[in-house]
Amino acid sequence: MPRDVRRKVPSVDALMRSGPGRRASKTVGRAVLKRTLVATLDDVRAAAEKGTEPPDDDAILARAIARAATATFGLTPVINATGVVLHTNLGRAPLPADAVKAVTRAASGYTDLEVDRETGRRSKRTARAELLLASITDAEDALVVNNCAAALVLTLTAIAKGKPVLVSRGELIEIGGEFRIPDIMRASGAKLVEVGTTNRTRLADYRTALDERTAAILKVHPSNYRVVGFTAETPTKDLATLASKHGIPFLYDVGSGLLDHERGFPADEPSVRDALHDGADVVTCSGDKLLGGPQAGCIVGRADIIGRLRLHPLARAVRVDKLQVAALEATLRLYAVDAHDEVPVHRMIHAAPELLAKRAHRLAEHIGGDLEGADARVVHCESVVGGGSMPGQSLPSWGVRVRIPDPPSFAARLRAGSPAVFCRVGEDHVLLDVRTVADEQLRDLARAVFYALEGDDLDDEG
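Thresholds applied
Residues numbered from 1 in each chain as written. Predicted model: local features only at pLDDT ≥ 70, side-chain atom pairs only at ≥ 80, totals over all residues. Heavy atoms only, no water. Axes fitted to C-alpha atoms, helices over the stretch in contact; angles between N-to-C directions. Helix = DSSP H or I, 4+ residues; strand = E, 2+ residues; numbered from the N terminus. Parallel < 35°, antiparallel > 145°, perpendicular 65-115°, else oblique. Left-handed = near helix turned anticlockwise from the far one by under 90°. Contact = heavy atoms within 4.5 Å. Buried < 20%, exposed > 50% of the residue type's maximum accessible area, 1.4 Å probe, protein only. Arc of directions from axis to C-beta. Core = buried A, V, L, I, M, F, W, Y, C linked by side-chain atoms within 4.5 Å. Salt bridge = Lys/Arg side-chain N within 4 Å of Asp/Glu carboxyl O.

Asks: I tried to follow the packing of helix 8 (residues 148-160) against helix 9 (residues 181-188) on my own but got confused; where do I start?
Replies: For any two helices packed against each other, one specifies the crossing angle of their axes together with the interaxial distance. As a packed pair, helix 8 and helix 9 sit with axes 8 Å apart at the nearest point and diverge in direction by 45 degrees. Looking at the two axes, helix 8 sits oblique to helix 9. Where helix 8 crosses over helix 9, the two elements pack in a sense that is right-handed. For the pair formed by helix 8 and helix 9, the contact residues are Ala149, Leu152, Val153, Leu156 and Thr157 on the first element and Ile181, Ile184, Met185 and Ser188 on the second.

Put into structure tokens, the structure is as follows:
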């Protein structure tokens, strides 16, 4: 970097001692501001080396303060106008109202998390959730852990550490964050034995691979992709029969957490209840996908195997906290009384097209009413479930298309506003899919669009 350019970059101490720096230190904390200043100045120096003129001191400090504020003010509620129902980056499933109330109650004071109020003795923290889960899926027993990956690691560790486990090559999936089934199995200590080919795995392939050392057969539902064309998959019942004949467990990771088949779900999306009915000894799934609850890993199946998992030392390392317990219990209670429509994920997935059309027209009216000449048009669009669920399945939807000269910059202003809005970006427009926008959010969304069109962030007062 040329010497004259280096001289233009201020020091951390100089910015911290400035008036705005001292005031910001009281708001976000001196240590946090100092760390973000160091990172910001590193970015400025890197840009300067490429020929970019460093911004003035106030601009650098403002950028660092914004970073610090983002860190210290915590999670920010956003409006999801992407049409992706289970948007992993936006927190996946919005909780049912009953679950939100349950979390608030549990968070605001003490609870009977691990105590039997009748006897006063210690009890299991997940006993109520597990009773509900086992009852809903018709399983012998159930266990709840932190997430589905933890559920699978615990299961494999407890029953197959150091032993071979058969898995179809077509099911060696990669889930979010570059976590792969082979890596999960390696972490558990189980030995992966690949069976069949990527597109075709027959029962005979499993028979050939089986020997006296085999500890289990594992089936993994490819919940985030589909293999089509020249394919063959061994039916669940056949795998269950083969495993039973050889006296080993048949494990089924269904992933997305559909507890039972309902209206609107494709037949090839396996449910936990169906997997058990077809003979699976242990079934694992997520709590924050199609189940529509908090992050959790649900394990259901044979009581003897679940008992072994519960006593394993790893079970404590992957247990859930009281807030997850409260939210999961409340969500499962809705399933127990057939109140599926109270689960936001199900409500969004099953939303009638005519309802979405009306919502989109209301949004367009709000936008047009606030800003004359805005090119906001109601259009047909396609939503997806997302979150590694129902790949290849689109949901006919409605949205509002806003034509804009610079869509990426406009989307960035929406994300930076208050409320923050996430949308889909096209070549000459942004799209606001209303499937994932609640009715009570429409006016706030319209105001966010108005301010983004004006180039300003929406303040808290709107």
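The discussion continues.
Asks: Would you take a moment to explain the environment of His261 for this structure?
Replies: With respect to the helices, strands and loops of the structure, His261 is situated in the loop between strand 8 (250-255) and helix 12 (272-277). Taking the C-alpha atoms as reference points, His261 and Arg213, 48 residues apart in sequence, are found 36 Å from one another. With sequence-adjacent residues up to four places away left out, His261 is seen in contact with Pro266, Ala267, Glu269, Ser271 and Asp274.

Asks: Looking at this structure, I do not really get helix 3 (residues 19-28). What am I missing?
Replies: The α-helix advances 3.6 residues per turn, and as a result positions three or four apart in sequence lie on the same side. Regarding helix 3, the residues found buried are Gly21, Ala24, Ser25 and Val28. Buried positions in helix 3, seen along its axis, are confined to an arc of 110 degrees and lie on one side of it. Opposite the buried face of helix 3, by more than 90 degrees, sit the exposed residues Arg23, Lys26 and Thr27.

Asks: In this structure, what is going on with the nonpolar core? I would like to understand it.
Replies: One finds Ile217, Val283 and Leu332 to be the most contacted residues of the largest nonpolar core, which totals 53 residues. In this structure, Ile217 is in contact with Leu166, Tyr206, Leu239, Leu242, Ala243, Ile248, Pro249, Phe250 and Leu251, ignoring residues within four places of it in sequence. Val145, Leu152, Leu156 and Met185 belong to the second largest nonpolar core, which has 30 residues in total.

Asks: Looking at this structure, how should I read the pattern of salt bridges?
Replies: Two side chains of opposite charge can pair, provided their charged atoms sit close to one another. Under the criterion given, the structure shown has 27 salt bridges. Between Asp42 and Arg45 there is a salt bridge whose closest N-O contact spans 3.5 Å. Of this pair, Asp42 and Arg45 are both found in helix 4 (residues 30-49), three residues apart, which corresponds to roughly one turn of the helix. The exposure class assigned to Asp42 is partly exposed, which follows from its relative accessible area of 42%.

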